[in-house]
Amino acid sequence: CYASTDLNYEIITNCGIFPVERGLPFYLMLDRVNLACSEVKKNKSANFAFYRDFSIKQILTEKSIENGMREALANEQFKIYFQPKVNLNTLKMEGAEILVRWQHPAKGMIMPDVFIPIFESNGFILDLDMFMLANAAKELRACIDEGLEPVHLAINFSRLHINNPKFCEEFKQTADFYKIPPNLLEAEITESTLLDNLDKMEEVIKQFHNEGYLIAIDDFGAGYSSLNVMKSLHFDTLKMDKEFLKTQGDPQRAKDIIAGTVK
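Values in this document were obtained by computation on a predicted structure and should not be read as measured data. (Residues numbered from 1 in each chain as written. Predicted model: local features only at pLDDT ≥ 70, side-chain atom pairs only at ≥ 80, totals over all residues. Heavy atoms only, no water.)

1. Some thoughts on the overall build of the protein chain
Basically, it comes down to this: For helices the rule is a DSSP run of H or I covering at least 4 residues; for strands it is a run of E covering at least 2, with both sets numbered from the N terminus onward. Throughout this description, buried means an accessible area under 20% of the type-specific maximum (1.4 Å probe, protein chains only), exposed means over 50%, and partly exposed covers the range between. Throughout, a residue-residue contact means that at least one pair of heavy atoms, one from each residue, lies within 4.5 Å. Throughout, the Shrake-Rupley method with a 1.4 Å probe supplies accessible areas, and for residues the shown protein chains are the sole cover considered.
Of regular secondary structure, the protein chain possesses nine helices and nine strands. Residues classed as buried in the protein chain amount to 34% of the 263 residues present. The long-range fraction of contacts in the protein chain, counting pairs at least 24 apart against all pairs at least 6 apart in sequence, stands at 61%. In the structure as shown, the protein chain presents an accessible area of about 17,000 Å², 54% of it carried by carbon and sulfur atoms.

2. Looking at helix H3 (residues 112–122)
All of the buried residues along H3 are Phe115, Ile118, Phe119 and Glu120. Just past H3, the residue Gly123 takes up positive phi, approximately 90 degrees.

3. Digging into unusual backbone geometry
Located in the positive-phi region is Glu76, a residue other than glycine, with phi close to 55 degrees. Looking at the element boundaries, Glu76 is found in the loop between helix H2 (54–74) and strand E3 (78–87). Non-glycine residue Lys179 carries a positive phi angle of around 55 degrees. You can see Lys179 is positioned in the loop between helix H5 (167–177) and strand E7 (185–190).

4. What about the nonpolar core?
Filter applied, for reference: Among buried residues, the Ala, Val, Leu, Ile, Met, Phe, Trp, Tyr and Cys ones that are joined through side-chain atoms within 4.5 Å form a nonpolar core.
Counting 48 residues, the largest nonpolar core has Phe78, Phe115, Phe119, Leu128, Phe157, Leu185 and Phe208 as the members making the most contacts within it. With 10 residues, helix H4 (residues 125–145) is the largest single contributor of residues to this core. Those residues in contact with Leu128, other than ones at most four positions away along the chain, are Leu73, Phe78, Val100, Phe115, Ile116 and Phe119. Grouped together as the second largest cluster of nonpolar side chains are six residues, Phe18, Leu24, Met29 and Leu35 included.

5. Focus on the pairing of strand E6 (residues 152–157)
Put simply, side chains in a regular strand alternate between the two faces of the sheet. Using the following cut-off: Strand pairing follows a simple DSSP-based rule, namely that at least 2 bridges must link the two strands. A clockwise path from the first strand over the helix to the second, with the strands pointing away from the viewer, defines a right-handed crossover.
Taking burial as the measure, the six residues of E6 include five buried ones, the bulk of the element. When strand E4 (residues 92–104) meets E6, the two strands line up parallel, connected through four bridges. Paired with Ile98 across the bridge in E6 is Ile155. With five bridges connecting them, E6 and E7 associate as parallel partners. Paired with Phe157 across the strands is Ile189, a residue of E7. For the crossover from E6 across H5 to E7, the handedness is right-handed.

6. Quick look at the pattern of salt bridges
In plain terms, the rule: Should a side-chain nitrogen of Lys or Arg be within 4 Å of a carboxyl oxygen of Asp or Glu, the pair is scored as a salt bridge.
Evaluation of the coordinates by the stated rule reveals six salt bridges. Note that Lys85 is salt-bridged to Glu188, the shortest N-O span being 3.7 Å. Residue Lys85 is found in strand E3, and its partner Glu188 is found in strand E7; the two are separated by 103 residues along the sequence. For Glu188, a relative accessible area of 1% gives the class buried.

This is a description of form; function is not addressed.
Structure follows, in structure tokens:
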């Protein structure tokens, strides 16, 4: 075995902390340490975390969501909502963004900030995204069949799709099944995806454009945005993070940045 002294290795430790309680079995204390450690791995804001009672509640909530997610998809408990996109010059609705809500038969309406992070973590978001695409295409087909003027719909997709080489192909298969013109569908990818997968994202955009579909970058400005990203990626829509529209701080500076970006 040969080891070079010229190599430097950075060792990062994650620690879960639970104060010893008299009379509590060791295996329970160890479980609580592991729960605290799992919080560190999720949040990555520190290298250690203390166990808190809410950790148990959070684990149980996540487990309940995971246990019911596939049944919810099969029974179409995930509902499609439309958020209109209005042209401020003409005040005409020119499109809509597709939003998802979970209408649980016992718990009522579950908002996406509760279940989306869990689905991102376990990979179920891939199935849910394609389910929402199919529902969006179905709604467009109904509008076209009724003789109504359709507007283009934007569907959010997880960064996990970028690693799927058949992402565009599967997108097209769903759209073709409902005979939806390509210009009526837009895939939204969050900005955080770009920096991690710039080359893959560039290839995905190329594939979508070759088929006539649109690509939007969502939450631009929420992370470490780069002008090089805007220059390199030929996306169709840039959605700036809502933080730019808040009145705290220097609102005029925010307006100037938005105006400069639009130009």
